[in-house]
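Fold and contact review
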There are 2 protein chains.
Amino acid sequence: MNETTVTSGIARLATADADFAERLDHLLAWEGVSDAEVQARVAEILAAVKARGDAAVVEATNRFDRLAASGMQELILTAPRLRQAYDGLPEAQREALAQAAERIRLYHERQKPESWHYTEADGTVLGQQVAPLDRAGIYVPGGKAAYPSSVLMNAIPAHVAGVREIIMVVPTPDGILNELVLAAAHLAGVDRVFTIGGAQAVGALAYGTESVPRVDKIVGPGNIYVATAKRAVFGQVGIDMIAGPSEILVVSDGGTDPEWLAMDLFSQAEHDEDAQAILVSWDTEHLAAVEAAIERLLPTLEREAIVRESLARRGALIACRDRAEAVSLINRIAPEHLELSVANPEGWLPEVRHAGAIFMGRHTAEALGDYCAGPNHVLPTSGTARFSSPLGVYDFQKRSSIIHCSAEGASQLGRVASVLARGESLTAHARSAEYRIRD
Amino acid sequence: MNETTVTSGIARLATADADFAERLDHLLAWEGVSDAEVQARVAEILAAVKARGDAAVVEATNRFDRLAASGMQELILTAPRLRQAYDGLPEAQREALAQAAERIRLYHERQKPESWHYTEADGTVLGQQVAPLDRAGIYVPGGKAAYPSSVLMNAIPAHVAGVREIIMVVPTPDGILNELVLAAAHLAGVDRVFTIGGAQAVGALAYGTESVPRVDKIVGPGNIYVATAKRAVFGQVGIDMIAGPSEILVVSDGGTDPEWLAMDLFSQAEHDEDAQAILVSWDTEHLAAVEAAIERLLPTLEREAIVRESLARRGALIACRDRAEAVSLINRIAPEHLELSVANPEGWLPEVRHAGAIFMGRHTAEALGDYCAGPNHVLPTSGTARFSSPLGVYDFQKRSSIIHCSAEGASQLGRVASVLARGESLTAHARSAEYRIRD
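Residues numbered from 1 in each chain as written. Chains lettered and ligands numbered in written order. Predicted model: local features only at pLDDT ≥ 70, side-chain atom pairs only at ≥ 80, totals over all residues. Heavy atoms only, no water.

Inclusion rule: UniProt positions are given in the numbering used here, feature names are shortened, and annotations may be inferred rather than shown by experiment.
Chain A goes by Histidinol dehydrogenase in an unreviewed UniProt entry, where it is assigned to Halomonas shengliensis. The UniProt entry for chain A carries the following comment under Pathway (unreviewed entry): "Amino-acid biosynthesis; L-histidine biosynthesis; L-histidine from 5-phospho-alpha-D-ribose 1-diphosphate: step 9/9." If you open the UniProt record of chain A and go to Function (unreviewed entry), you find "Catalyzes the sequential NAD-dependent oxidations of L-histidinol to L-histidinaldehyde and then to L-histidine."

Below is the structure:
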C-alpha cells in the first residue's frame, strides 16, 4: 500500500461497548418510506393508466425513458425475439445461464406443495386444493440494475408453479435493450415482454390496458416509484415484499481466509451505496486481519467507489464475546443473507430463527447463491426475514379450502354451529345450519 | 304473505342478457380504498404512537372508546382472566366452542410444512428451513362485529405454527367486554390481551410501546381505520390480506331445497349491508322457487333489515345456460365462499381455479365452515382468491433457504457464477466465487 491509500472507513463495533445496542440500531435503521410528493406523482400516473390505458402508458414511457413510441405495439417483445437473444449470446454465457436456470428449476420443483384431503369417520371430507395463478407480472428494472439473474429468479418459480401466462415488464431508457435479460426471459419461460417501467408499468399490470393483460400478482424489485406503486395497487393484485437495500451478515470463527471474507463483504457492498455488509467474529485478531485485507484489496476493485461509500456508511466489523452472542446478533439482525463461515455450520442451524438465506461453511460464497446454487436470490431485507420468506413457488400459487360434509357430519356440525351462531346473534347462520340437522 | 310485504329487491340477471357482463362488473365492483382524510388521521395516530408509545395509545383509546384509563396497565388482560371467562360460560357454549377449537386445530395441523433438504452428488446440500414467527398480533374488532369464532380462526393457526407469543388486541367501546371473545382467546392459546383498537392498536403492535411488545405480523379484520393502518405499517411488520365485505356464490343444479338455499344466502347477507350473496343456476324454475322462498322467509329473520338492504344492493339471482357457464362465472367472480349445491360436486373441482373455500354438496352449509368444520373462515374477498389463500399455518411461519456447498460443488458453481457475475459487471461477486474454484 502506498501512503495515499485512504482507509475503508468501515465501522468497528464491539458488543462489550456501552453504546453497542444504540450504535447497532442506528446502523441497521432503514426507512424506505416514500414521501408525499412521490406518492402524489405515483397516484397521478396510476389514475391516468386506469382511465386511459395504453395511451397513458405510452405517454409516460416516452417521457421517462426518453422514447418516441407512437403506440404500445412498439413496446412489445414476443417469444421469438427472446429466443433470438438467447441464440445470439456468446457460448460461455449461454451455457452458464442455462446451467443456472436448470439448477434454479430443480430446487424450486421441491417447493411444489400437493393438494391434500382427509376423510372423517362419518364420511365428511376436508382438504386443501392448490392451484397456480392465472397470470403473473415480473418487474425487471432497466438501466444499471438490469440483471439477467433476477429474471431467472423471479420467473422460474412462476413457471414451476404452473402459472398460465408470465408477463415481464422492463424499461429501456433511451431504447437500450439488454440481450442477456431477454435471453434469461426466454430460458425462464416468460411469454411476453413489454418494454415499459415505473409506476406506469405497475398500473398497466394491475388494471390491464388494451394491450397489457391484467395480472394476478406483480413481483420484482424496482425504484421508489415502483415500490410506491406496488404498495398502492396491493389488494387489487398480489405483490411480493417491498425490498430495501441488499445486506449480508457474515459470521466467522476465525478459520476462513481473510481475503475470502473481505471479497464476500465487497460482493455485497458493490451493489449500491445503501447496501450493507457486516462481519461478526469473536476472534479479534481475525477481525484485524480481515480489515487489513479490506484495505489491501479495496484499490483492486472495479466498483471501488461504490464499495467504499457503502462500507463507510453502512458496513461494520463487530467483535462479539462468543458464539452465543453471535447467534443473538443473527436473530437481532434477521439478515437477508447469512454466511456461516464456521466449522460445523449445521450445529448453528437450530438456533438461527431469522434469515432469508443461510450460506454454510467456508466454501459457500454468497455470490454462488446469487446466480446458480438453486435457491432464490429474492430474499426478505431490512429485518423482514422475521416474518417473510424467499420468493418461491408458493408465491405463485394459492390454496382453496375444501369442505364436503356427509349428511351425518352436517347434522353433527350443525348442532355446534347453531350454538355458536346464536352466541354471535347471527341467527340466519344458525338456521342455515339447523336445516341440515337430522332428528 | 300478507299484502304489505315488500319484495326483496334482489337483482335478477341472465347470462343471455346483452348487458350481462357490464351488470356483473357493476355488481362485483368494490372500492375499499380509504380517502385522503382517513389516511391523514391514521398517519397522525401512527406517528403519535411511534413517538410517545403507551401515552399516545391510552389517549386515543380513551377518546375513541369513551374510556377513562389512567394508564396501559388498566388495558391489559392476562391468561387467568381469559380462563375465568371460559370457565364462566354456560355449558352448551363452552362445549360448542371447545369442539370448534379442536376441529380447527386438527385441520390446521395438516397444514404444517416440513423443513427439507437434499444432497447432490458432490456433497452440496440444498434445502429449506421452516420456522415460526416469534410473535403474532391478532386484531379482533369490538362492538357489533366481536366474534369469538374469529378469535379461534386467527389465533389457532398461529398457535399450531408454533408462534412463541400471541398478542391479541380488542377494543372495548364504553368498557364492554365480550366474555365469549375472551373465552375463545383462552382456548386458542392467546398469551395476552390488550383492550385497545383502531389505528392506535395497529401502531402499538407494529412499533411496540413500553407495554405492548412489537409483533412480527398483524392479522385480523377491522374497520377502515384499521385497514388503512395495516397498509401503512406493511413492511415494518407482516400483515394478512386487507379484507373487503364478505361474499358467497351458491351454484345450484336445482336439486336442493329452495328454503335451504334462501337461508344460505341470508346467512351471508346478514353480516352487513355490504355483504354479497349470489345464486347461480341454469334451472330457471328453481331460481323462481328460491326467490319465492326468499320472499317467504325474509319476514322471519331477526336481522331482516340488514338482509334486505344487502340483497337489494349487492345480491343477485343469475340464470345461466348450462354447467359450463356456471364454471366460467365461478372463475370470473373468484368468490370468497363457493357453495356447490349440486350432485357430484367432486366433478367440478378440477375446473374451479379461484375460490377461497369450496362448500360441496347440499348438506355443506357455508355456516358450518364459519364455525366448526375445521378450515379457516378468514378467506380472500373481492376476487382476491385469484392470488391469495385462506389464513393458515403458513401465514405464521417463514422459510430460510439453506445452501451448503462442498469444496467440489463450490468450485463447479464458482465457474458458472463467475461468468454470470462478469456479465452483470459485478466483479467482486465474480472474484468472491473464483476464490472457491480449485485448479
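That covers the picture; the talk isn't over yet.
1. Remarks on the interface of chain A and chain B
Inclusion rule: Contacts between residues were defined by any pair of non-hydrogen atoms, one from each residue, lying within 4.5 Å. Buried area is calculated as the accessible area (1.4 Å probe) missing from two parts once they are joined, with the contributions of both summed. The salt bridge criterion pairs a side-chain nitrogen of Lys or Arg with a carboxyl oxygen of Asp or Glu, the two atoms within 4 Å. Pairs of N or O atoms within 3.5 Å make up the polar contacts considered here, provided that, within protein, one atom can donate a hydrogen while the other can accept it, and that residues adjacent in sequence are counted only when both atoms are side-chain atoms. For this classification, Asp, Glu, Lys and Arg are treated as charged, while Ala, Val, Leu, Ile, Met, Phe, Trp, Tyr, Cys and Pro are nonpolar and the rest, including Gly, are polar. By the convention used here, strands pair only if DSSP detects at least 2 bridges between them. Numbered from the N terminus, helices here are DSSP runs of H or I no shorter than four residues, and strands are runs of E no shorter than two.
The interface of chain A with chain B comprises 118 residues on the first partner and 118 residues on the second. Of the roughly 10,700 Å² buried between chain A and chain B, counting both surfaces, carbon and sulfur atoms make up 56%. Here chain A is connected to chain B by nine salt bridges. One salt bridge in this structure joins B:Asp134 and A:Arg353, with 2.9 Å as the shortest N-O distance. On inspection of chain A and its partner chain B, the count reaches 70 residue pairs in polar contact (both at pLDDT 80 or more). Class assignment of the residues belonging to the side of chain A that touches chain B gives a composition of 60 nonpolar, 32 polar and 26 charged. Across three bridges, strand β15 (residues 397-404) of chain A lies against strand β14 (residues 357-360) of chain B in parallel orientation. Across the sheet, A:Ile402 pairs through a bridge with B:Ile358, a residue of β14(B).

2. What to know about the environment of A:Glu295
Within the secondary structure, A:Glu295 sits in helix α11 (residues 284-297). Taking the C-alpha atoms as reference points, A:Glu295 and A:Ala334, separated by 39 residues in sequence, lie 28 Å from one another.

3. Concerning the sheet that holds strand β3 (residues 116-119) of chain B
Heads up, the condition is: Axis lines are fitted to C-alpha atoms, over the contacting stretch for helices. Their N-to-C directions set the angle, which ranges from 0 to 180 degrees.
Pairing is mixed in the open sheet, where nine strands are placed in the order β1(A)-β12(A)-β11(A)-β10(A)-β13(A)-β14(A)-β15(B)-β4(B)-β3(B). The open sheet has two free edges, formed respectively by β1 (11-14) of chain A together with β3 of chain B, since each of these has just one partner strand. Averaged over all pairs of adjacent strands, the angle between strand axes in this sheet comes to 20°, irrespective of strand direction. Sheet contacts for helix α1 (residues 20-28) of chain A: β1, β11 (276-281) and β12 (316-319) of chain A; angle to β1(A), the most-contacted strand, approximately 140°.

4. Observations regarding the domain arrangement of chain A
Threshold: Source of the domain bounds: an automatic or database domain assignment.
Each domain of chain A was delimited in the assignment, giving domain 1 (11-30 + 244-373), domain 2 (36-114 + 131-239) and domain 3 (405-434). The centre of domain 1 of chain A, based on its C-alpha atoms, is set 57 Å off from the matching centre of domain 3 of chain A.

5. Concerning the packing of aromatic side chains
To be explicit about the condition: Each aromatic pair joins two rings of Phe, Tyr and Trp (for Trp, the six-membered one) with centres within 6.5 Å, and gets the label stacked for planes under 30 degrees apart, edge-to-face for over 60, and tilted for any other angle. The cut-offs for exposure are 20% and 50% of the maximum accessible area for each residue type, with area from a 1.4 Å probe on protein chains only; residues under the lower value are buried, those over the upper are exposed, and the others partly exposed.
Taken as a whole and assessed by the stated rule, the structure comprises ten aromatic pairs over all chains. Relative to B:Phe234, the ring of A:Phe234 lies with its centre 5.3 Å away and its plane at 15°, an arrangement referred to as stacked. Here A:Phe234 is found in the loop between α9 (224-233) and β9 (238-239), whereas its partner B:Phe234 is found in the loop between α9 (224-233) and β9 (238-239) on a different chain. Like A:Phe234, the residue B:Phe234 is buried in the burial classification. Consider the rings of B:Trp282 and B:Trp348, whose centres lie 6.1 Å apart with planes at 15°: the pair is stacked.

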